[in-house]
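What the coordinates show
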Amino acid sequence: MKGYQIKTLNEFIIEKQTEFAFARGELSGLLQHIGIAAKIINKKVNKAGLVDILGEAGATNIQGEDQKKLDVFSHDQMVQSLKSSCDCCGIASEENEGAITFDDEMSKDASYVICTDPLDGSSNIDVNVSVGTIFSIYRRVSPKGTEPMLEDFLQPGIKQVAAGYIIYGSSTMLVYTTGKGVNGFTLDPSIGEFCLSHPRMQTPKDGLIYSINEGNYVKFPEGVKKYIKYCQVIDKDTGRPYSSRYIGSLVADFHRNLLKGGIFIYPQTASAPKGKLRLLYECNPVGFIAEQAGGKATDGFRRILEIKPESLHQRTPFYTGSINMVNKVEEFLQSEIM
Ligand code: P6P
């Protein structure tokens, strides 16, 4: 574009660092290292079908090398990049039962912990559907200089200092917030940099898209069934019937709705009374982005960011997107318990 001044992720992070009075570059360093991990993961994701990396973890490839599933590779890459930042003392990952703590002196002295889903939706890789990396950053509550404790990771989402996702789609984007709005960066492969492409992202208050796995319809709560029927009624004034769009990859479904307006729902069902999505490294970071973009994120009754986690891999029902659409489905859910 004429006169377009490229602003890279690193330039943006450093520029924004001045907005945080006491920033000493630690958070900036973390975000930059996440950007590096994303570029390395992106390279593998884009060639997944070719680099013989789709097989099961533990298998060996034709060179006799140990084969890593792409999500294991992504996990290892995130751990390596965050450890080398020396600004993170521990990680809770979807790929690891317990939290990973770093015991070198510099990392033990770091102020931040990270919760991450290194490659969400990875089952879609084999069929070339967009997938994503999700991250959430907290300031530790345990004393610096010690190994992080479980309490560092079990903080409510309102305590996040930053959160974001990378979507490996038709282009690769990194979208994040530090609590002062949401900004999106598109990877320019010709220079290997994430460049600001979506400044100050805001999601529409209303939308014409609803995203839910209707295959589970019979197992949904009555309020969700009623909302789905509401979406399907012909009502020109409200633009209904809405379009049903469901990719089955949280980051891809959420990102589309963030830009166009819409609602994403993964409710509790008879077989999954707590829902399927994880609070720490899926719903809290995505919920933080949703709110910072003017949207909403709840479990149908409570603000997601105010839920106090009890365990690392805790699940929660998840309703997020355009605020008026989330409010409407909550009306149906809450009328069922009146
Ligand atoms: P279902 C992917 O496995 C994932 O964790 C999310 O990315 C996605 O939104 C959800 O599960 C899809 O679940 O049960 O509809 O296939």
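Everything quoted here is computed from the prediction, not taken from an experiment.

A word on the domain arrangement of the protein
- Along its sequence, the protein is carved into domain 1 (9-198) and domain 2 (209-335).
- Here the C-alpha centroids of domain 1 and domain 2 sit 24 Å apart.
- Taken together, the contact between domain 1 and domain 2 spans 46 residues of the former and 30 residues of the latter.
- Here domain 1 meets domain 2 over a buried area of about 2,700 Å², counting both sides, of which 69% is carbon and sulfur.
- Its largest share of buried area at the contact with domain 2, domain 1 owes to I134, L154 and Y165, together 22% of the area lost on that side.
- Between the two partners, domain 1 and domain 2, sit zero salt bridges.
- Where domain 1 meets domain 2, there are 11 residue pairs in polar contact (both at pLDDT 80 or more).
- Here the side of domain 1 that touches domain 2 takes eight residues from strand β5 (residues 160-168), the largest share from any one element.

Observations regarding the site of the ligand
- Every residue near the ligand is listed here: D120, G121, N213, Y246, G248, S249, L250, F264, Y266, K276, L277 and E282.
- In this structure, an oxygen atom belonging to the ligand sits 2.8 Å away from a main-chain N or O atom of L250.
- Contact between the ligand and Y266: an oxygen atom at 2.7 Å from a side-chain N or O atom of the residue.
- Here the ligand has 400 Å² of accessible area as a free molecule, and 79% of this is covered by the chains.
- Its residues placed into classes, the shell around the ligand shows five nonpolar, four polar and three charged.

Some details on the packing of aromatic side chains
- All chains considered together, the criterion is met by 10 aromatic pairs.
- Feature note: the residues Y227, Y230, Y242 and F332 constitute an aromatic cluster, connected by ring pairs.
- Taking NZ or CZ as reference, R240 lies 3.8 Å from the ring centre of Y230, over its face.

Looking at helix α6 (residues 222-232)
- Taken together, the buried positions of α6 are occupied by G223, V224, K225, Y227, I228, Y230 and C231.
- Where α6 is buried, its residues contact β9 (209-211), β11 (263-266), β13 (318-321) and α9 (323-335).

Description of the pattern of salt bridges
- On inspection of all chains with the given rule, the structure shows 13 salt bridges.
- For K83, the salt bridge goes to D104, with nearest N and O atoms at 3.1 Å. Taken together, the residues span a long stretch of sequence, with K83 in helix α3 (residues 70-85) and D104 in the loop between β2 (100-101) and α4 (105-108) at a distance of 21 residues.
- On the basis of relative accessible area, K83 is assigned to the partly exposed category, the value being 35%.
- Here the salt bridges do not stand alone but share partners, grouping E291, R303 and E306 into one network.

Looking at the nonpolar core
- In this structure, I137 and Y176 are the most contacted members of the largest nonpolar core, which totals 37 residues.
- Those residues in contact with Y176, other than ones at most four positions away along the chain, are L9, F12, I13, L31, F135, A163, G164, G181, V182, N183, F185 and I289.
- In terms of nonpolar packing, the next biggest core, distinct from the first, is built from 28 residues, I134, V251, A252 and I304 among them.

Let's talk about the pairing of strand β1 (residues 88-93)
- When you tally the buried positions in β1, you get six out of six residues, the bulk of the element.
- Here β1 runs beside β2; their pairing, made up of two bridges, is antiparallel. Counterpart to G90 in the pairing with β2 is T101.
- A loop of six residues connects β1 with β2, the two strands running antiparallel in sequence.

About the criteria used
- Residues numbered from 1 in each chain as written.
- Predicted model: local features only at pLDDT ≥ 70, side-chain atom pairs only at ≥ 80, totals over all residues.
- Heavy atoms only, no water.
- Domains from an automatic or database assignment.
- Contact = heavy atoms within 4.5 Å.
- Buried area = accessible area lost by both parts, 1.4 Å probe.
- Salt bridge = Lys/Arg side-chain N within 4 Å of Asp/Glu carboxyl O.
- Polar contact = N/O pair within 3.5 Å; in protein donor to acceptor, adjacent residues only side chain to side chain.
- Helix = DSSP H or I, 4+ residues; strand = E, 2+ residues; numbered from the N terminus.
- Near = heavy atom within 4 Å.
- Areas by Shrake-Rupley, 256 points an atom, 1.4 Å probe, with all protein chains shown as cover.
- Nonpolar A, V, L, I, M, F, W, Y, C, P; charged D, E, K, R; others polar.
- Phe/Tyr/Trp six-rings, centres within 6.5 Å; stacked < 30°, edge-to-face > 60°.
- Lys NZ or Arg CZ within 6 Å of the ring centre and 35° of its normal.
- Buried < 20%, exposed > 50% of the residue type's maximum accessible area, 1.4 Å probe, protein only.
- Core = buried A, V, L, I, M, F, W, Y, C linked by side-chain atoms within 4.5 Å.
- Pairing = 2+ DSSP bridges.

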